[in-house]
Amino acid sequence: MKKIAVFTSGGDAPGMNACVRAVVRSGIYFGLEVYGIYRGYDGMINGDIQLLNSHSVSNSIQRGGTLLKSARSKEFMTAEGRRKAHGQLLKHGIEGLVAIGGNGTFTGAMIFYDEYKIPTVGCPGTIDNDLYGTDHTIGYDTAVNTALEAIDKIRDTAASHDRIFFIEVMGRDSGYIAIASAIGGGAEMVMVPETRTTIHDVIDTLKQGWNRSKSSSIVIVAEGDEEGNATEIAGKIKNELPMMDIRVTTLGHIQRGGAPTAYDRILASRLGLGAVEGLLSGKSNVMAGVMNEKLVYTPFYDTIHQVKPINQDFIRMINILSS
Ligand code: F6P
């Protein structure tokens, strides 16, 4: 293998640049030519591909977003789109790929590998932390810290006004960001898709707090919760608890930006190097991850189809510590 390419795809995540940097620098170290594919699979289809050198990734480890840009490609979901992408890779002589992204990225990579057998190793880049095969995904730690910063600020105003705040965090169908920010932010409750918490459970908890003269409370809602989003949930609860002053904040895309934390930079660097070494040792159709401090490779199929369960002890802990 002499020429490889790296791309970022799906939602951007802080630490993606650190991962690209690690792929480029380690690829060059091992004597490879490393190409950058811009705008994910869309760029692969359109030939938006450039040779990178060591300087191309200078001054990038600390930057949020992705210098390679990202996209959620509809065209790559079609056989014709993938045929065009393969043509572009052949044209550039690219023999191996490093795909940095989440579920959608690896689903695409798996189908592409089945069809065209271009060796591909993935790096988990998503704030959602919802991929099996790695304890943490690149960007998750930064997103949680960003959410915490916001939650701390909201707590100040919640306490000053004796208010109840419902704060919605991202995570798609997963509650990882919600649970971590609920623990770190000292929230009274958390609502996540993995555990059923009904509107009545929330009302009971808030009432109990009220009866104990708790004057302000924070409820963290994962965007994928089965009871709806934070605005819907708060709307239903307002009717039942008219004596409480309830407000809603949706943190949104702020969670995707910003400089990566030390943890994310180190994880991204390790996984970028791991992906290149994986390709060179003949691995393919797998994601590089870190589990129990060890670098591991998990088939794309498992990263997508196996569920990474949340730690139920954490939910219990939130309930105990907020009482
Ligand atoms: O997967 C990352 C993520 O930020 C999810 O948490 C969220 O549901 C989704 O992407 C938002 O996607 P978009 O940026 O396309 O609105």
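Coordinates for the structure precede this section.
Residues numbered from 1 in each chain as written. Predicted model: local features only at pLDDT ≥ 70, side-chain atom pairs only at ≥ 80, totals over all residues. Heavy atoms only, no water.

(A) Representation of a nonpolar patch on the surface in the model. Together, Met1, Tyr29, Phe30, Leu273 and Leu280 give the surface a local cluster of nonpolar side chains, amounting to about 480 Å² of exposed area. Checked against the element boundaries, Met1 lands in the segment before β1 (3-8). (Patch = residues over 30% accessible without salt bridge, like charges linked within 9 Å, V, L, I, M, F, W, Y side chains within 5 Å. Areas by Shrake-Rupley, 256 points an atom, 1.4 Å probe, with all protein chains shown as cover. Salt bridge = Lys/Arg side-chain N within 4 Å of Asp/Glu carboxyl O. Helix = DSSP H or I, 4+ residues; strand = E, 2+ residues; numbered from the N terminus.)

(B) Quick look at the site of the ligand. If you check the shell around the ligand, you find Arg72, Thr126, Ile127, Asp128, Met170, Gly171, Arg172, Glu223, His253 and Arg256 and nothing else. At 2.7 Å from an oxygen atom of the ligand is found a side-chain nitrogen or oxygen belonging to Asp128. Within the backbone of Gly171, an N or O atom sits 3.1 Å from an oxygen atom of the ligand. Expressed as a share of its isolated accessible area of 400 Å², the protein-covered part of the ligand is 75%. Among the detected pockets, the ligand sits in the largest pocket. Residue composition of the shell around the ligand, grouped by class: two nonpolar, three polar and five charged. (Near = heavy atom within 4 Å. Polar contact = N/O pair within 3.5 Å; in protein donor to acceptor, adjacent residues only side chain to side chain. 1 Å grid on protein atoms, 1.4 Å probe; cavity = no way out; pocket = protein on both sides within 12 Å on 5 of 7 lines; lining within 4 Å. Sits in = over half its atoms within 2 Å of the grid points. Nonpolar A, V, L, I, M, F, W, Y, C, P; charged D, E, K, R; others polar.)

(C) Expanded view of the sheet that holds strand β6 (residues 164-169). Taken together, the four strands give an open sheet; going across it, the order is β7-β8-β6-β9, and neighbouring strands pair in parallel fashion. In this open sheet, the two strands that pair with only one neighbour each are β7 (189-191) and β9 (246-250). Direction aside, neighbouring strands of the sheet carry axes that sit 20° apart on average. Looking at chain direction, β7 and strand β8 (residues 217-222) are connected through three bridges and run parallel. Residue pairing in the sheet places Met189 in a bridge with Val219 of β8. Docked against the sheet, helix α6 (residues 176-184) engages β6, β7 and β8, running at close to 165° with respect to β8. Sitting on the sheet, helix α8 (residues 230-240) is in contact with β6, β7, β8 and β9, with an inclination near 175° to β9. (Pairing = 2+ DSSP bridges. Axes fitted to C-alpha atoms, helices over the stretch in contact; angles between N-to-C directions. Contact = heavy atoms within 4.5 Å.)

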